[in-house]
Amino acid sequence: MEIAKSNIVRSEAGRDKGKLFCVLAVEGEYLLLADGKSRKVEAPKRKKRRHASFFSAENTRLAEKIKSGEKISNSELRRTLAGYREAIQPDQEG
């Protein structure tokens, strides 16, 4: 599936391999990713599209805010991603 703005992706390469991120923007073959903890909204990670795999495309309030260009907070991002982490790793913290 094509990765688009506001999707949830999993990093497949680099030191952040296996972590979940939210796509804040798409710039050609690059994605701007943030998780609200190690990568804040103010300074997103620039990662090649081939080094991230599609994980989810939910229509949450956060996704709507990202698509419309509204300001989002790091805590909103962490809260949303924590729900997805619970689904794939129910016994681990992250």
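Details of the structure are given in the entry above.
Residues numbered from 1 in each chain as written. Predicted model: local features only at pLDDT ≥ 70, side-chain atom pairs only at ≥ 80, totals over all residues. Heavy atoms only, no water.

Quick word on the overall build of the protein chain
Logical step 1: Scanning the protein chain for helices and strands turns up two helices and five strands.
Logical step 2: Start at the N end of the protein chain and walk to the C end: the helices and strands fall as β-β-β-β-β-α-α.
Logical step 3: For the protein chain, the C-alpha radius of gyration of 12 Å lies close to 12 Å, the compact-globule estimate for 94 residues.
Logical step 4: Reported as C-alpha extents along the three principal axes, the dimensions of the protein chain are approximately 35 × 25 × 25 Å.
Logical step 5: Each of the 94 residues in the protein chain was classed as buried or not, and the buried ones make up 34%.
Logical step 6: Within the protein chain, residue pairs in contact and separated by at least 24 positions form 47% of the contacts whose partners lie at least 6 positions apart.
Logical step 7: Accessible area of the protein chain: about 5800 Å², with a carbon and sulfur share of 46%.
Logical step 8: Side chains of the protein chain carry 21 positive and 14 negative charges; the gap between the two charge centres is 5 Å. (Helix = DSSP H or I, 4+ residues; strand = E, 2+ residues; numbered from the N terminus. Rg over C-alpha atoms; globule rule 2.2 N^0.38 Å. Buried < 20%, exposed > 50% of the residue type's maximum accessible area, 1.4 Å probe, protein only. Contact = heavy atoms within 4.5 Å. Areas by Shrake-Rupley, 256 points an atom, 1.4 Å probe, with all protein chains shown as cover. Lys, Arg positive; Asp, Glu negative; His and termini not counted. Charge placed at Lys NZ, Arg CZ, Asp CG, Glu CD.)

Comments concerning the pattern of salt bridges
Logical step 1: Inspection of every chain in the model, using the stated rule, returns six salt bridges.
Logical step 2: Here Glu64 makes a salt bridge to Arg61, at a shortest N to O gap of 4.0 Å. On the criterion of helical spacing, the pair formed by Glu64 and Arg61 is a turn pair, its members being three residues apart in helix H1 (residues 61-68).
Logical step 3: On the basis of relative accessible area, Glu64 is assigned to the partly exposed category, the value being 45%.
Logical step 4: Owing to a relative accessible area of 49%, Arg61 belongs among the partly exposed residues under this scheme.
Logical step 5: A salt bridge links Glu70 to Arg61; the nearest nitrogen and oxygen atoms lie 3.5 Å apart.
Logical step 6: The class of Glu70 is partly exposed, set by a relative accessible area of 40%.
Logical step 7: When salt bridges that share partners are traced, they join Arg61, Glu64 and Glu70 into one network. (Salt bridge = Lys/Arg side-chain N within 4 Å of Asp/Glu carboxyl O.)

Considerations on empty space enclosed by the protein
In this approach the atoms are scanned with a rolling probe the size of a water molecule, which exposes any empty space left behind.
Logical step 1: Tallying each qualifying case throughout the model produces one cavity of 30 Å³ or more.
Logical step 2: For the largest cavity, the full set of lining residues is Ser6, Ile8, Cys22, Glu58, Thr60, Leu62, Ala63, Ile66, Thr80 and Tyr84.
Logical step 3: Considering each element in turn, the lining of the largest cavity owes the most residues, three residues, to H1.
Logical step 4: Its residues placed into classes, the lining of the largest cavity shows six nonpolar, three polar and one charged. (1 Å grid on protein atoms, 1.4 Å probe; cavity = no way out; pocket = protein on both sides within 12 Å on 5 of 7 lines; lining within 4 Å. Points joined across faces, edges and corners; volume = space filled by probe spheres on them. Nonpolar A, V, L, I, M, F, W, Y, C, P; charged D, E, K, R; others polar.)

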